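# Breakdown of the fold
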2 protein chains.
Amino acid sequence: MTILLYDLVGADAGRPYSPHCWKVAMALAHKGLDFQRVPTRFLEIAKVEGGISKTVPVIRDGDSKVIDSFTIALYLDQTYPDRPSLFGGQGGEAMARFIERWSQLTVHPFVTKAAVLDIFEMQDQDNKAWFRPDREAKLGRSLEEVVAGRDAGLAAFRASLEPLRSMLKYQPWIGGEGPLFPDYIVFGALQWARVVTSYQLLEDGDPIADWFERCLALHDGLGASIPAAA
Amino acid sequence: MTILLYDLVGADAGRPYSPHCWKVAMALAHKGLDFQRVPTRFLEIAKVEGGISKTVPVIRDGDSKVIDSFTIALYLDQTYPDRPSLFGGQGGEAMARFIERWSQLTVHPFVTKAAVLDIFEMQDQDNKAWFRPDREAKLGRSLEEVVAGRDAGLAAFRASLEPLRSMLKYQPWIGGEGPLFPDYIVFGALQWARVVTSYQLLEDGDPIADWFERCLALHDGLGASIPAAA
């Protein structure tokens, strides 16, 4: 049965961009499971599956409804153990949490700084009216003020990725010889940036950019199938 | 047969302090393997097992000699698969490399900044004469200049540990419900600091300090058996 993935979009239903939804899309493809993306705007999340979650992704798999990207990945490995593992065992399930926290606290804040105004511009009118005051309250500044700091923060952001860059000298994927869920975690964050903004996060020739290109090509080019922001 | 662990010490042979050697000591204890620490000073490393490595740890296990802490941990899991795993599967082996790179690039530079002069003071005369010029060339400054920056860097260092702090809201160990090798990786770095310097790296009440105390108590208090620097 086809799994439904409630997937965040802006005005254009064909440009899914949420980092957390991308993690799940890649995880579903990794498992070789059929899935259908259900384009969902911020103001529609409250109606998803009877209001099961304040955020997407949400998946519906037959009678099961699961929320939260990490929980969904664990669910998929437990429910479909005969398909390729997302974690490579119990140690990987645990250590992926560290990498998820690193990505959330290192990559996500700078993508927000770089792209929050682009994300605003992607929304339709109703969602724009909701997004700006919501985010400005959370960030404590106007969206314009947030983005004004991005050039000054870029070098420090690139330096903060050094653990990943250094790791790539040892192995081609965070998952080792092949990608695992933590690759999709960090990919999701950078794909979010790629889809929403033309601002260049990674320097040309950065080994992380090479790894990201390999991620874009995975699963018949699932990530690459959405063009980068112009 | 007892495994030999060539283990870095200063003038006092009873105070092993190397972060990488501590990773291996904890790993050997985790596996429940008998081992004997062979106190080794910097200038003695060239003679260890016929000069097999420029650094310690080195282990000798029967006819096998293994160098490099991460390689040793992989060797132990492969050689003693029936004893408690250090990685919890192939995914864990891969993801532990990311955490090792994070620890090396986040924790180690600040411990060096905080403690390099204390490490110098722990050495005997011959090793002092070697250590200062070696480290000053690597660091590009006098040891005194390096340490002078520690107070100014402390807040940023504590903030840089946020991925670990945040992860501890989800699970008690990097390894999940129990410790795995990545716990020993980060423990090794903080135990290095604990043994060599009285400078306080972690704030009282930091959840990372609680985790570190739990690490000190593991394996019959192996870590706690060496008193903190006074």
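In this text the structure is predicted, and so the values were computed from the model without any measurement.

What follows covers the relation of the copies chain B and chain A. Aligned on chain A, chain B shows an RMSD of 0.0 Å; the corresponding rotation is 180° and the shift along the axis is 0.0 Å. Such a turn and shift between the copies fits a two-fold axis. In terms of proximity to the rotation axis, the leading residue of chain B is Gly92 of chain B, whose C-alpha is 2.0 Å off the axis. With an isologous cut-off of 70% or more, the 100% of interface residues of chain B that recur at the interface of chain A puts this contact in the isologous class.

Now for helix H3 (residues 90-122) of chain B. The end-to-end C-alpha distance of H3 of chain B is 39 Å, clearly below the 48 Å that 33 residues give at a rise of 1.5 Å each. Along H3 of chain B, the sharpest kink reaches roughly 60°, centred on Ala115 of chain B.

Residues and elements named next belong to chain A. Evaluation of the coordinates by the stated rule reveals zero disulfides over all chains. Between Cys21, a cysteine without a disulfide, and Cys215, which holds the nearest cysteine sulfur, the sulfur-to-sulfur distance is 17 Å. Classification of Cys21 as buried rests on a relative accessible area of 0%.

Attention shifts here to the UniProt feature "domain: GST N-terminal" (unreviewed entry) in chain A. According to UniProt, the "domain: GST N-terminal" (unreviewed entry) feature falls on residues 8-84 of chain A. In residues 8-84 of chain A, helix accounts for 30% and strand for 19%; the two terminal C-alpha atoms are 26 Å from one another.

All names here are of chain A. On the basis of which strands lie adjacent, the open sheet formed by four strands has the order S2-S1-S3-S4 and mixed pairing. On the outer flanks of this sheet lie strand S2 (35-40) and strand S4 (64-67), each paired with one strand and no other. Adjacent strand axes in the sheet meet at a mean angle of 20°, parallel and antiparallel pairs treated alike. Against the sheet, helix H1 (residues 19-30) touches strand S1 (3-8), S2 and strand S3 (58-61), its axis set at about 155° to S1. Packed on one face of the sheet, helix H2 (residues 69-79) meets S3 and S4 and runs near 140° to S4.

What follows covers the packing of aromatic side chains. Tallied over the full model, the rule gives 20 aromatic pairs over all chains. Each ring, one from Phe110 of chain A and one from Phe157 of chain A, has its centre 4.6 Å from the other, and the planes form 15°; the classification is stacked. Separated by 47 residues along the polypeptide, Phe110 of chain A in helix H3 (residues 90-122) and Phe157 of chain A in helix H6 (residues 150-160) bring together distant segments of the chain. Given a relative accessible area of 6%, Phe110 of chain A falls into the buried group. Seen in terms of ring centroids, Trp22 of chain B and Phe187 of chain B are 6.3 Å apart; in terms of plane orientation they differ by 85°. Their pairing is edge-to-face. Linking Trp22 of chain B in helix H1 (residues 19-30) with Phe187 of chain B in helix H8 (residues 181-196), this pair joins segments that are 165 residues apart in sequence. Its end group placed over the ring of Phe120 of chain B, Lys128 of chain B keeps NZ or CZ at 5.6 Å from the ring centre.

Cut-off values and rules
- Residues numbered from 1 in each chain as written.
- Chains lettered and ligands numbered in written order.
- Predicted model: local features only at pLDDT ≥ 70, side-chain atom pairs only at ≥ 80, totals over all residues.
- Heavy atoms only, no water.
- Least-squares fit on C-alpha atoms with pLDDT ≥ 70 in both.
- Contact = heavy atoms within 4.5 Å.
- Helix = DSSP H or I, 4+ residues; strand = E, 2+ residues; numbered from the N terminus.
- Expected span 1.5 Å × (residues − 1).
- Bend = angle between axes of the 7 residues up to and from the residue.
- Disulfide = S-S within 2.5 Å.
- Buried < 20%, exposed > 50% of the residue type's maximum accessible area, 1.4 Å probe, protein only.
- UniProt positions renumbered as here; feature names shortened; annotations may be inferred.
- Pairing = 2+ DSSP bridges.
- Axes fitted to C-alpha atoms, helices over the stretch in contact; angles between N-to-C directions.
- Phe/Tyr/Trp six-rings, centres within 6.5 Å; stacked < 30°, edge-to-face > 60°.
- Lys NZ or Arg CZ within 6 Å of the ring centre and 35° of its normal.

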